[in-house]
Amino acid sequence: MSHLISLYVVLLALLVAGGCSESSTSPESPSSRHSTLYYFTWSDYVDPGVVAKFEATRGVRVVIDTFSSNEELLAKVQSGMTGYDVVVPSDFMAGIMGRLGLLAELDPAKIPHVQDLEPHLRQLSFDPTNRFAIPYLWGTVGMGYNADVVTEPPTSWEALWDPKFSGRISLLNDEREVFGMALQTLGYSLNSVDPQAIQQAKHKLMRQKPLVKAYTSEQFDQLLVAGEVVLAHAWGGPIARAMREHPSIRYALPQEGGMMWTDCLAVLASSRQQALAMDFINYLLDEDVALATSQRLLFASANRHVRDRLPADIRTNTAVYPPSDMLARMEWLEDVQEAIRYYDRAWTELKVH
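Residues numbered from 1 in each chain as written. Predicted model: local features only at pLDDT ≥ 70, side-chain atom pairs only at ≥ 80, totals over all residues. Heavy atoms only, no water.

Take the UniProt feature "binding site: spermidine" (unreviewed entry) in the chain next. Mapped onto this structure's residue numbering, the UniProt feature "binding site: spermidine" (unreviewed entry) falls at Asp174, Glu175, Arg176 and Glu177. The residue Arg176 is located in helix α5 (residues 175-185) in this model. Residue contacts for Arg176: discarding those within four places in its chain leaves Glu71, Phe92, Leu190, Asn191, Leu333, Glu334, Val336, Ile340 and Tyr343. Take Glu177: it is sitting in helix α5. The buried category is assigned to Glu177, whose relative accessible area is 6%. Beyond its immediate sequence surroundings of up to four residues, Glu177 is in contact with Val141, Leu172, His233, Trp235, Met259 and Leu333. (UniProt positions renumbered as here; feature names shortened; annotations may be inferred. Helix = DSSP H or I, 4+ residues; strand = E, 2+ residues; numbered from the N terminus. Contact = heavy atoms within 4.5 Å. Buried < 20%, exposed > 50% of the residue type's maximum accessible area, 1.4 Å probe, protein only.)

In structure tokens:
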């Protein structure tokens, strides 16, 4: 009998150990969390070295999960089954999440690097006092292109409708970015809440769809490098990285003005590690850490001290830092509130058509 009891104890221990092992790869329940921080961020944003240094200096563990769109981030958080602490919503999504009560109020005393923000990233409309979110990285949306094939530099979004490049065009797999671009070609704001304007944009995008090889937010730079596409609706940072691999790749901002974006650092209201989460945010905004991040990703840092420390080839690259005269012409995506249902419906119709 004692042997049977011993065997039972061993089996029970193995089951418990197996359960612990499984939970280490996904967010744990709040009751089981100690010094572990769960970080939910964009798929290419994580530098293992930067995270490892934070873990070593703070004596904590950081578990990372990634998403590829703002809509994916919102859906996961709204599901109530995440357990994440720090998230990285884009500007308009930070406004939505704050309005929905999904974000914790930040304590500026715990994030002193908020004082180091670039001037144009202060008092933004979606959160003018940084109550819920702090800009982290920023940039523009424009067009990446292969100058060996697209010999005339594109000056308008209309280039993405040019039948000469049929099957060799890519668009971001992002509802608001794609409709924003189409709305601008029609003379509307990319934040239009007019259902008729959104319908016009949808019809224009449907006419374009046969020309599009892929809707992708994660591979457009590599498609350009591989020559599978020659013109890409794109975020500037990945295009700047692609330039290093292929010297004929260029970046252009449209005459319609294009758009500017910032991804923000925020803490979920459901986080049980809010003090640690704010410490992590402050760490990511530290000048040296932000410099390393900007050099790796080739996105502009929200820390204003970083620009002057970057090599000249980065700080003068318009895919990283847009010309100053373009800043005033660009639009920010904003929370369109109830009108998002028009975008959602039109996006679904576009994708299934």
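Picking up where we left off.
Time to look at helix α10 (residues 287-297). Along α10, the residues that are buried comprise Val289, Ala290, Leu291, Thr293, Ser294 and Leu297. Here the buried face of α10 lies against α2 (48-58), β4 (133-146), α8 (236-245), α9 (274-285) and β10 (300-301). Measuring from the backbone nitrogen of Asp288 back to the side-chain oxygen at the start of α10 gives 3.1 Å, which picks out Asp286 as the cap. Looking one or two residues past α10, Leu298 carries a phi angle of roughly 60 degrees, positive in sign. (Polar contact = N/O pair within 3.5 Å; in protein donor to acceptor, adjacent residues only side chain to side chain.)

Right, let's talk about the environment of Pro135 for a bit. Inspection of the secondary structure puts Pro135 in strand β4. Residues Pro135 and Pro89, spaced 46 residues apart in sequence, show a C-alpha to C-alpha distance of 9.6 Å. In contact with Pro135, not counting residues within four places along its chain, are Leu117, Leu121, Leu124, Asn130, Thr262, Asp263, Cys264, Leu285 and Ala302.

The first and last C-alpha atoms of helix α13 (residues 340-352) sit 18 Å apart over 13 residues, in line with the 18 Å expected at 1.5 Å per residue. Buried residues of α13: Tyr343, Ala346, Trp347 and Leu350, and no others. Axial view of α13: buried residues confined to an arc of 105 degrees, hence all on one face. Tucked inside the fold, the buried residues of α13 contact α5, α6 (195-208) and β6 (212-215). (Expected span 1.5 Å × (residues − 1). Arc of directions from axis to C-beta.)

Residues Tyr39 and Met97 are the most contacted members of the largest nonpolar core, which totals 124 residues. If we skip the residues at most four places from it in the chain, Met97 touches Leu73, Leu74, Val77, Val87, Pro89, Leu102, Leu103 and Leu268. (Core = buried A, V, L, I, M, F, W, Y, C linked by side-chain atoms within 4.5 Å.)

We now examine the side chain of His233. Tracing the chain through its elements places His233 in strand β7 (residues 231-235). For His233, a relative accessible area of 0% puts it in the buried group. Polar side-chain contacts of His233 include one of 3.2 Å to the backbone nitrogen of Leu172. Residues within four places of His233 in sequence aside, it is in contact with Val141, Gly142, Trp157, Leu160, Ser170, Leu171, Leu172, Glu177, Val178 and Met181.

A full pass over the atoms with the stated rule returns 16 aromatic pairs. Pairing Tyr45 with Tyr136 gives two aromatic rings, centres 6.2 Å apart and planes at 75 degrees, and the pair type is edge-to-face. Here Tyr136 lies in strand β4 and Tyr45 lies in the loop between β1 (36-42) and α2, a separation of 91 residues in the sequence. Using a relative accessible area of 4% as the deciding quantity, one classes Tyr45 as buried. By relative accessible area, Tyr136 is classed as buried at 4%. In textbook terms, an aromatic cluster arises when at least three aromatic residues are bridged by ring pairs, as seen for Phe40, Trp42, Phe67, Tyr84, Phe220 and Trp235. One Lys or Arg, Arg241, reaches over the ring of Phe299 and ends 5.8 Å from the middle of that ring. Above the face of the Tyr215 ring, Lys351 is positioned so that its terminal group lies 5.4 Å from the ring centre. (Phe/Tyr/Trp six-rings, centres within 6.5 Å; stacked < 30°, edge-to-face > 60°. Lys NZ or Arg CZ within 6 Å of the ring centre and 35° of its normal.)

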